[in-house]
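A structural walkthrough
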Amino acid sequence: MAEPEDYEARMELQLKKLSPGVYLILVHLAFDDEQMNAVTAEHDTYNNPWRKADFDFFTN
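Residues numbered from 1 in each chain as written. Predicted model: local features only at pLDDT ≥ 70, side-chain atom pairs only at ≥ 80, totals over all residues. Heavy atoms only, no water.

1. So, the confidence of the model for the chain
With 87% of its residues at a pLDDT of at least 70, the chain reaches an overall mean of 82. Per-residue pLDDT, averaged within each element of the chain, yields its smallest value for helix α3 (residues 48–59) (82) and its largest for helix α1 (residues 7–16) (88). (pLDDT = per-residue confidence, 0-100. Helix = DSSP H or I, 4+ residues; strand = E, 2+ residues; numbered from the N terminus.)

2. Observations regarding the nonpolar core
One finds Tyr7, Met11, Trp50, Ala53 and Phe57 forming the largest nonpolar core, which totals 5 residues. The set of elements that each furnish at least two residues to this core consists of α1 and α3. If one sorts the elements of this core by residue count, α3 sits on top with 3 residues. (Core = buried A, V, L, I, M, F, W, Y, C linked by side-chain atoms within 4.5 Å. Buried < 20%, exposed > 50% of the residue type's maximum accessible area, 1.4 Å probe, protein only.)

3. Examining the pattern of salt bridges
In a structure, side chains of opposite charge can pair up when their charged atoms sit close to one another. Evaluation of the coordinates by the stated rule reveals 1 salt bridge. Residue lysine 52 pairs with aspartate 56 through a salt bridge whose shortest N-O separation is 2.5 Å. Note that lysine 52 and aspartate 56 are positioned in helix α3 at a spacing of 4 residues, about one turn of the helix. With relative accessibility at 23%, the residue lysine 52 sits in the partly exposed group. What makes aspartate 56 partly exposed here is its relative accessible area of 38%. (Salt bridge = Lys/Arg side-chain N within 4 Å of Asp/Glu carboxyl O.)

Dropping the structure here:
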């Protein structure tokens, strides 16, 4: 998993590697707010900064 500050570059690199075809991309979108921080507390592998990075990348 990429750090939030490296997320955009890493995601662009991965998407450019895809050959023509059909793909399903699952994202874990979330706002960086108190509720999501509580839900993802102690989950370093899918915590709020990562979900916010998904949100920022795919809504940009």
